[in-house]
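# Remarks on the overall topology
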Amino acid sequence: PENNDCAVAEEVTIKGAETKRPDIVFYVNGIALGVLELKRSTVSVSEGIRQNLLNQRRDFIEHFFTTIQLVMAGNDTEGLRYGVIETPEKYFLRWRDPSDASPEPDQPLLHGLREVCAPARLLELIHDFTVFDSGTKKICRHNQYEGVKAAHPFVTRGEGGIIWHSQGSGKSLTMVWLAKWILEHDARKRVLII
């Protein structure tokens, strides 16, 4: 991560069928990888999500989203929500600490940005925790990320373990991300899915 140039730009003008100005654009090595729509604390984050979804349409600035890997919206009261391109509004996610105790309870937006957009985490989410599932792009939830990261030392030591998930929490995708990591980090290992 430290070998990359990371930059943030405010109100970038994008010309298309309709000219739009996303509030914040995150660049890595000059490539736009993240976009953030900010709302006042009295306006729901849902408005920012809907604005991002509208901007992805062909009749707005669809071409701008060809390199975007993380689509975000936030405000000072609800914090940050994130997804990938074409994520329906109801599937936008909130990053939570494993302890579920934010060190900045009065600044949920800043806390979310620090957790998701720190250069190392941002690149890790894009490279290691994004997948296409039957043609639909998906990114991990915080619990999937933490589960896979917690499994790394066990796999490295050749030990087994259990990752506890509830119904609908993304067990299959967690297994995909863990299997991908195993195969990338030890060419001698094999993954068997039953």
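Anything mentioned here points back to the structure above.
Note that this is a predicted model, so its numbers are computed, not measured.

Right, let's get into the nonpolar core. Ranked by size, the top nonpolar core spans 31 residues in total, and within it Met72, Tyr82, Val116 and Leu125 carry the most contacts. Contributing elements (two or more residues each) for this core: β2 (24-28), β3 (31-38), β4 (70-75), β5 (79-83), α2 (108-117), α3 (119-128), α4 (142-156) and α5 (171-185). In terms of residues, this core owes the most to one element, α5, which gives 5 residues. Counting 14 residues, the second largest nonpolar core, distinct from the first, contains Val25, Phe64, Val71 and Phe92.

So, about the side chain of Ser169. Mapped onto the elements of the fold, Ser169 is located in the loop between α4 and α5. The class for Ser169 is buried, based on a relative accessible area of 8%. In this structure the side chain of Ser169 is engaged in a polar contact, spanning 2.6 Å, whose partner is the backbone oxygen of Ser166. The contact partners of Ser169, leaving out residues within four places of it in the chain, are Arg141, Asn143 and Gln144.

Bringing the pattern of salt bridges into the picture now. Tallying each qualifying case throughout the model produces 13 salt bridges. The salt bridge involving Glu11 is made with Arg21; its shortest N-O contact spans 2.3 Å. Taken together, the residues Glu11 in the loop between β1 (6-10) and β2 and Arg21 in the loop between β1 and β2 connect sequence positions 10 residues apart. Note on Glu11: relative accessible area 43%, which makes it partly exposed. Here Arg21 falls in the partly exposed class, since its relative accessible area comes to 46%. One salt bridge connects Glu47 with Arg50, and the closest N-O pair in it is separated by 2.7 Å. Of this pair, Glu47 and Arg50 both sit in helix α1 (residues 45-55), separated by 3 residues, roughly a single helical turn.

Before going further, it helps to examine the packing of aromatic side chains. The tally for this structure, following the rule as stated, stands at 5 aromatic pairs. Considering the side-chain rings of Phe64 and Phe65, the 5.3 Å spacing of their centres and the 80 degrees angle between planes classify their relative orientation as edge-to-face. For the pair Phe64 and Phe65, a shared accessibility class is recorded, and that class is buried. A cation over a ring is seen here: Arg157 above Phe154, with NZ or CZ 4.8 Å from the ring centre.

This part takes up unusual backbone geometry. Positive phi is not limited to glycine here, since Glu86 has a value of about 65 degrees. With respect to the helices, strands and loops of the structure, Glu86 is situated in the loop between β5 and α2. Residue class for Glu86 comes out exposed when judged on its relative accessible area of 64%. Of note, the phi angle at Ser134 is positive, near 55 degrees, even though the residue is not glycine.

The next point concerns the packing of α4 against α5. Where α4 meets α5, the axes come as close as 10 Å, and the angle between the chain directions of the two elements is 40 degrees. Classified by the angle their axes make, α4 and α5 are oblique. Of the two elements, α4 crosses α5, and the hand of that crossing is right-handed. Only Leu173, Thr174, Trp177, Leu178, Trp181 and Ile182 of α5 make contact with α4, whose side of the interface consists of Gln144, Val148, Ala151, His152, Val155 and Thr156. By residue class, the composition of the contact of α4 with α5 is 8 nonpolar, 4 polar and no charged.

The rules behind the values
Residues numbered from 1 in each chain as written. Predicted model: local features only at pLDDT ≥ 70, side-chain atom pairs only at ≥ 80, totals over all residues. Heavy atoms only, no water. Core = buried A, V, L, I, M, F, W, Y, C linked by side-chain atoms within 4.5 Å. Buried < 20%, exposed > 50% of the residue type's maximum accessible area, 1.4 Å probe, protein only. Helix = DSSP H or I, 4+ residues; strand = E, 2+ residues; numbered from the N terminus. Polar contact = N/O pair within 3.5 Å; in protein donor to acceptor, adjacent residues only side chain to side chain. Contact = heavy atoms within 4.5 Å. Salt bridge = Lys/Arg side-chain N within 4 Å of Asp/Glu carboxyl O. Phe/Tyr/Trp six-rings, centres within 6.5 Å; stacked < 30°, edge-to-face > 60°. Lys NZ or Arg CZ within 6 Å of the ring centre and 35° of its normal. Axes fitted to C-alpha atoms, helices over the stretch in contact; angles between N-to-C directions. Parallel < 35°, antiparallel > 145°, perpendicular 65-115°, else oblique. Left-handed = near helix turned anticlockwise from the far one by under 90°. Nonpolar A, V, L, I, M, F, W, Y, C, P; charged D, E, K, R; others polar.

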